[in-house]
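Structural overview for review
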Amino acid sequence: MDMEIMKCPGIYCGRNGDTSGNFSLCGACPRGTRRNDSNDLSVCELCGDTPYFYDWLFLGFMAMISLLLHWFFIDFTNSRNRTGLVILHISAFIESVLAAILTLLVSEPAGSFSLRSCKVLQLSDWYTMLYNPSPDYTTTLHCTQEAVYPLYTIVMVYYAFSLVLMMLVRPFLSSRFSNHKGTKAIYAALYFFPTLVLVQAVFAGLLYYSFPYILIVTSLITLALHLANFENQDPKSLLKANVTDGRNIAIMVGHWVLHGYAIISITELRDPQLHAPLIALVPFPALFYVLTSYYTDPDKLDQVER
């Protein structure tokens, strides 16, 4: 090389090298590579990491959102007559599982259920477009890239597969087995899938660091709303209604799963002997509501002696 190669400016700009030892000008690293800061050449090197446990939990959370929205709209759009909806709920679950499998198979390394990834180091890794340097304060060097490969785009691929599978399967099942009760839920999905893609595009980094807390707070709120929806707030009546009705049992168990998932995401089970027993606490919020509902029922306030 005839000239000294200087380190690229900015945080993410790098150079591509070839077999003859020549290097390109500073720019964005190709997808699946990231700048190596251990030397002064700023060479873009192939990422060889595998996703951490927390990364998998984040991907599971993003996949879970679409499934929960499917189930919610299937139930919500048929609130007057919920008979025959089980097939639609099962279909939504199978669609999501198949979409996840296809997403893993088409991701690097293709054809396997493992992933090759770039390690997430900081929040800015999710928003490289905000860190394009201006070496001379007049010209901007564009180095936007997927520094968190593939955590940013793989979620969008999953949503695409989910949408395609839904359009291939759900209309037939809705018309054949549930008297077109799934039609409105399908229309709802045509709105919430683009919304989820937009949320992933804009807030992925923030969600990555905050999703365990969002999940546990949201699941507690929706659990309280579910229990508050019963007319009779007597503890015995609440308990009976939630252990004898199949739909209510499914809702309660679903919330417990979300509570447990949030606890695992927060602790990452770094100390299994300490953190694993915390999962046993997942029924506590529901039991606390049921046992204290008598004392918090607004209808009882009129009976309080002044």
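In case you missed it, the structure is sitting above this.
Description of the structure in this document. (Residues numbered from 1 in each chain as written. Predicted model: local features only at pLDDT ≥ 70, side-chain atom pairs only at ≥ 80, totals over all residues. Heavy atoms only, no water.)

Before going further, it helps to examine the packing of helix 5 (residues 235–244) against helix 8 (residues 284–296). One can describe the packing of helix 5 onto helix 8 by two numbers: an axis separation of 8 Å at closest approach and a directional angle of 145 degrees. For the pair formed by helix 5 and helix 8, the contact residues are Pro 235, Leu 238 and Leu 239 on the first element and Tyr 289, Val 290, Ser 293 and Tyr 294 on the second. Here the residues of the contact of helix 5 with helix 8 are counted per class, giving six nonpolar, one polar and no charged. (Axes fitted to C-alpha atoms, helices over the stretch in contact; angles between N-to-C directions. Helix = DSSP H or I, 4+ residues; strand = E, 2+ residues; numbered from the N terminus. Contact = heavy atoms within 4.5 Å. Nonpolar A, V, L, I, M, F, W, Y, C, P; charged D, E, K, R; others polar.)

The next point concerns the packing of helix 2 (residues 86–106) against helix 3 (residues 153–177). Contact pair helix 2 / helix 3: the axes reach a minimum separation of 8 Å and the direction vectors enclose 145 degrees. In this structure, the crossing between helix 2 and helix 3 has a hand that is right-handed. Between helix 2 and helix 3, the residues in contact are Ile 87, Leu 88, Ser 91, Ala 92, Glu 95, Ser 96, Leu 98, Ala 99, Ala 100, Leu 102, Thr 103 and Val 106 and Ile 154, Val 157, Tyr 158, Phe 161, Ser 162, Leu 165, Met 166, Val 169, Arg 170, Leu 173, Ser 174 and Phe 177, respectively. For the contact of helix 2 with helix 3, the per-class residue count stands at 17 nonpolar, five polar and two charged. (Left-handed = near helix turned anticlockwise from the far one by under 90°.)

A complete count under the given rule lists four disulfides for this structure. Across the disulfide, Cys 13 is cross-linked to Cys 143 (sulfur-sulfur distance 1.8 Å). The sign of the S-S torsion, about 100 degrees, decides the handedness of the disulfide formed by Cys 13 and Cys 143: right-handed. Within this pair, whereas Cys 13 is found in the segment before strand 1 (33–35), its partner Cys 143 is found in the loop between helix 2 and helix 3, the two being separated by 130 residues in sequence. Accessibility expressed as a relative area gives 2% for Cys 143, which makes it buried. Residue Cys 47 pairs covalently with Cys 118 via a disulfide, S to S 1.9 Å. Note on the Cys 47 and Cys 118 pair: the S-S dihedral is about 90 degrees, so by sign convention the disulfide is right-handed. Residue Cys 47 is located in the loop between strand 2 (44–46) and helix 1 (53–76), and its partner Cys 118 is located in the loop between helix 2 and helix 3; the two are separated by 71 residues in the primary sequence. Across the pair, exposure class does not vary: Cys 47 and Cys 118 are buried alike. Bonded cysteines in the protein are paired 1-3, 2-8, 4-5, 6-7 when counted in the order they occur along the chain. (Disulfide = S-S within 2.5 Å. Buried < 20%, exposed > 50% of the residue type's maximum accessible area, 1.4 Å probe, protein only.)

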